[in-house]
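Fold and contact review
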Amino acid sequence: MTVVRRPLAGLARHRPWPLCRQCSGVALDMGSARTRAWVAGRGMILDVPTVTFPGAGAVHPIQRGSIVDTQGTARMLDRLLGHRLPRSARPLVVVTAPVLDGFAYRAEARTAVEVLRPRCVLTVPSARAVALAAGADLSRPLLVMDIGAHLTEVVLLVDGAVFDARRTALGTGDIDDTVPAVRIGEAVADMTASMLRQDSTSLTVDALSRGPLLAGGGALRPEITCHLAGRLHVPLRAVPAPHTAAVRGAAKLLEAAHSHPSTTGTDPPDEHPH
């Protein structure tokens, strides 16, 4: 399990995103199992396996929250999106990223996205994207539990920014005879308990009492959610269509960047202007 903590005093101030009313836009959520894309004016256009070469020889360029094959990821994006975007377009691209180990992921993602000839690349923590997709009140502490195929994160958001986070390299794709679903629920409960023990403020308690947001494919697995609810003794709130929440939240940020960049209220973006 990996941990990050950021004291409130160290939270960065928000900065406006670049205005881009005229260019096209793409929101991307690239996980180890599925890659999803939302295109401005067209909506969700992709929800496909994350593989470099389709078929029996499939190679997985993203594994458990890490881009292990940057060039392979670029080839995948070119195959999936190259023919779907106008050749003259220089899109604004918003990419979701894991909260932990996110710096390396963001750097590799920006390199891979170059194949789309972006005008600008912005990244957003997946937990924040989930919260935006749910229309959550970000003025209050919020717990987001994102249970993916091969990576699970529990993130505490304060004023919309990451304050604390835990992760485990375990997800629904690991469920078999040796890894029962209950183990994932136990891992999420244990990460939450660790947050509570180490938080000297009331932020985690406040967020937990509101009811954590559940996202990712694991939110659709009652064998996980029922066990988790029993361990935590709090109401759990699954985001509508939880498996696509991250890309839909990124799409909201994309729309905000196109029209009202000074009022998006996002974390300072990792920008790669061109």
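In this text the structure is predicted, and so the values were computed from the model without any measurement.

Attention shifts here to the overall build of the protein. Summing up its helical and strand segments, the protein has seven helices and 13 strands in all. Taking all 274 residues of the protein together, the buried fraction comes to 54%. Pairs at least 24 residues apart make up 69% of the contacts formed inside the protein by residues separated by at least 6 positions. With the model as given, the accessible surface of the protein reaches about 11600 Å², and the carbon-plus-sulfur share is 53%.

Time to look at the pairing of strand 8 (residues 120-125). Summarising burial for strand 8: five of the six residues are buried, a large majority. The pairing of strand 7 (residues 92-97) with strand 8 spans six bridges and is classified as parallel. For leucine 92, the partnering residue across the bridge sits in strand 8 and is cysteine 120. The parallel pair strand 7 and strand 8 is bridged by helix 2 (residues 102-113), and the resulting crossover is right-handed.

Our next topic: the confidence of the model for the protein. Close inspection of predicted coordinates is inappropriate in any region flagged by low pLDDT. Considering every residue of the protein, the mean pLDDT works out to 87; 86% of them sit at 70 or more. Per-residue pLDDT stays below 50 along residues 6-22; that stretch engages in 46 contacts with residues further than four places along the chain or on separate chains. Per-residue pLDDT stays below 50 along residues 261-274; that stretch engages in 52 contacts with residues further than four places along the chain or on separate chains.

Quick look at unusual backbone geometry now. Leaving glycine aside, a negative phi is the common case for residues, and trans is the common case for peptide bonds. With a phi angle near 50 degrees, arginine 64 is a residue other than glycine that sits in the positive phi range. Looking at where arginine 64 falls in the secondary structure, it is placed in the loop between strand 5 (62-63) and strand 6 (66-67). Of the residues examined, arginine 64 reaches a relative accessible area of 30% and is grouped as partly exposed.

It is worth spelling out the packing of helix 4 (residues 181-198) against helix 6 (residues 222-232) at this point. At a minimum axis distance of 8 Å, the contact between helix 4 and helix 6 shows a crossing angle of 35 degrees. As helix 4 runs across helix 6, the sense of the crossing is right-handed. Counted together, Ala181, Val182, Ile184, Gly185, Glu186, Val188, Ala189, Asp190 and Thr192 of helix 4 and Glu223, Ile224, His227, Leu228, Arg231 and Leu232 of helix 6 form the full contact between these two elements. Here the contact of helix 4 with helix 6 is composed, by residue class, of eight nonpolar, three polar and four charged.

What follows deals with the environment of arginine 90. Relative to the elements of secondary structure, arginine 90 occurs in the loop between helix 1 (70-81) and strand 7. Sequence-wise, arginine 90 and leucine 116 are 26 residues apart; in three dimensions their C-alpha atoms are separated by 7.6 Å.

A few words now on the pattern of salt bridges. Scanning the model with the defined rule gives seven salt bridges in all. In this structure, glutamate 186 and arginine 231 form a salt bridge, with 2.5 Å as the shortest nitrogen-oxygen distance. Placement of glutamate 186 in helix 4 and of arginine 231 in helix 6 is noted, with a sequence separation of 45 residues between them. For arginine 231, a relative accessible area of 33% puts it in the partly exposed group. Between arginine 221 and glutamate 223 there is a salt bridge; the shortest N-O distance is 2.8 Å. Residue arginine 221 is classed as partly exposed on the basis of its relative accessible area, which comes to 27%. Judged by its relative accessible area of 35%, glutamate 223 falls in the partly exposed class.

With that out of the way, let us pick up the sheet that holds strand 3 (residues 34-39). Sheet strands associate in pairs through backbone hydrogen bonding, adopting either a parallel or an antiparallel arrangement. As summarised here, the arrangement of the five strands in space is 4-3-2-7-8, forming an open sheet in which the pairing is mixed. Every interior strand has two partners, whereas the edge strands, strand 4 (43-49) and strand 8, have only one. This sheet shows a mean twist of 20 degrees between the axes of neighbouring strands, independent of strand direction. As defined by bridge partners, strand 2 (residues 25-30) adjoins strand 7 across four bridges and the pair is classed as parallel. Bridge pairing links glycine 25 to leucine 92 in strand 7. The strands that helix 1 touches are strand 2, strand 3 and strand 4; relative to strand 2, the one it contacts most, it runs at about 130 degrees.

This part covers a positive patch on the surface. Taken together, the side chains of Arg87, Arg90, Arg117 and Arg119 present a region of like positive charge at the surface. Inspection of the secondary structure assignment puts arginine 87 in the loop between helix 1 and strand 7.

Counting buried residues in helix 3 (residues 126-133) gives eight out of eight residues, a clear majority hidden from the surface. All of the buried residues along helix 3 are Ser126, Ala127, Arg128, Ala129, Val130, Ala131, Leu132 and Ala133.

Rules used throughout
Residues numbered from 1 in each chain as written. Predicted model: local features only at pLDDT ≥ 70, side-chain atom pairs only at ≥ 80, totals over all residues. Heavy atoms only, no water. Helix = DSSP H or I, 4+ residues; strand = E, 2+ residues; numbered from the N terminus. Buried < 20%, exposed > 50% of the residue type's maximum accessible area, 1.4 Å probe, protein only. Contact = heavy atoms within 4.5 Å. Areas by Shrake-Rupley, 256 points an atom, 1.4 Å probe, with all protein chains shown as cover. Pairing = 2+ DSSP bridges. Right-handed = clockwise from strand over helix to strand, strands pointing away. pLDDT = per-residue confidence, 0-100. Axes fitted to C-alpha atoms, helices over the stretch in contact; angles between N-to-C directions. Left-handed = near helix turned anticlockwise from the far one by under 90°. Nonpolar A, V, L, I, M, F, W, Y, C, P; charged D, E, K, R; others polar. Salt bridge = Lys/Arg side-chain N within 4 Å of Asp/Glu carboxyl O. Patch = residues over 30% accessible without salt bridge, like charges linked within 9 Å, V, L, I, M, F, W, Y side chains within 5 Å. Lys, Arg positive; Asp, Glu negative; His and termini not counted. Charge placed at Lys NZ, Arg CZ, Asp CG, Glu CD.

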